[in-house]
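# Structural features, examined
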Amino acid sequence: MLPDSEIDRVLVVTAHPDDADFGSAGSVALFVDRGVEVTYLVVTDGDAGGNERTLDNAGMAELRRAEQLAAAKAVGVTDVRFLGYPDGRVEPSLELRRDIARVIRQVRPDLVIAQHPERNYRFIAPSHPDHRAVGGATLDAVYPDARNPYAFPELLQREGLEAWTVREVWLTGGSTPDHYVDITDAVDRKLTALQAHVSQVAHVEGFAEFVKSRFAAWAEEAGFGEGRYAEGFQVVSTA
Ligand SMILES: [Zn+2]
């Protein structure tokens, strides 16, 4: 694994507003504490989400962007970018790979955090088709697109974006995590970030307890002991 001292920039790529907050906001808060620059790239505006549909899709998209900005701020992230793909219909297309590769070349991250492209048969929630599509496109953008100067040559020729090699990817939502981050010191900030998605979670009774018990269970799985909280990842070496 990449040593902490070699992680200066992190890019978190997700399908929907709130995915980053469920998957990795605690780890992100700890990165920000250490002075790491973190960028969020959100592929859709989450315009098909939400339970109370008093807004049309355009209104929901605007609301969910605002909620994601507030959630990011709660863990110290101010660079949040949206690609505006339609929620619920994402495919791992060449266009999406190019759009993610572009941001990788702009941000030049050491580490990318992405969603697992394979279906989790132990727990279905992380395996939304948009998550799998964005996870697959992100891995393809990491290897080979972003590092190969001949891939999407317009990125170099028209936009001057040089090839960039991401050295490691952490996948969220998989069934076989092999790296756990103790987020106990950041669990309150993670919860604040999640609760910033008012349209998604405000109606959920016992939401804070649900979140805490889920991430406490991972801490136990990781062997961190009682009263601790953890996020889990599958690490992919991409150097
Ligand atoms: Zn999602």
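A brief report on the enclosed structure follows. Everything quoted here is computed from the prediction, not taken from an experiment. (Residues numbered from 1 in each chain as written. Predicted model: local features only at pLDDT ≥ 70, side-chain atom pairs only at ≥ 80, totals over all residues. Heavy atoms only, no water.)

## Concerning the side chain of Asp45
Let me state the cut-off plainly: Numbering of helices and strands runs from the N terminus, with a helix taken as a DSSP run of H or I at least four residues long and a strand as a DSSP run of E at least two residues long. Accessibility here uses a 1.4 Å probe with only protein chains present; expressed as a share of the type maximum, an area under 20% marks a residue as buried, one over 50% as exposed, and anything in between as partly exposed. Two N or O atoms form a polar contact when they lie within 3.5 Å of each other; inside protein one atom must be a possible hydrogen donor and the other a possible acceptor, and for residues adjacent in sequence the pair counts only when both atoms belong to side chains.
Topologically, Asp45 is positioned in the loop between strand E2 (37-44) and helix H3 (57-74). On the basis of relative accessible area, Asp45 is assigned to the buried category, the value being 10%. Only 3.0 Å separates the side chain of Asp45 from the side chain of Arg65, close enough to count as a polar contact.

## Quick word on the layout of surface pockets
Quick reminder of the rule: A 1.4 Å probe that fits but cannot get out identifies a cavity on a 1 Å grid over protein atoms alone, an open set with protein on both sides within 12 Å along at least five of seven lines counts as a pocket, and a residue lines either if it has an atom within 4 Å of a point. Grid points are joined across faces, edges and corners, and a volume is the space filled by probe spheres set on the points. Gly is placed with the polar residues, together with every amino acid not listed as nonpolar (Ala, Val, Leu, Ile, Met, Phe, Trp, Tyr, Cys and Pro) or charged (Asp, Glu, Lys and Arg).
Quantified by volume, the largest pocket comes out at close to 850 Å³. Lining the largest pocket are 34 residues; nearest its centre among them are Phe22, Phe123, Ala125, Pro126 and Arg214. Only helix H1 (19-23), helix H8 (198-201) and helix H9 (207-222) provide two or more residues apiece to the lining of the largest pocket. Residue contributions to the lining of the largest pocket peak at six residues, all from H9. Split into classes, the residues belonging to the lining of the largest pocket amount to 14 nonpolar, 13 polar and seven charged. Each pocket or cavity is described by its volume, and for the second largest pocket that value is around 160 Å³. In terms of lining residues, the second largest pocket is bounded by 13 residues, among which Val36, Glu37, Val38, Thr39 and Asp79 are the most central. For the lining of the second largest pocket, the secondary structure elements donating two or more residues are strand E1 (9-14), E2 and strand E3 (79-85). Counting residues per element, the lining of the second largest pocket draws most heavily on E2, which supplies three residues.

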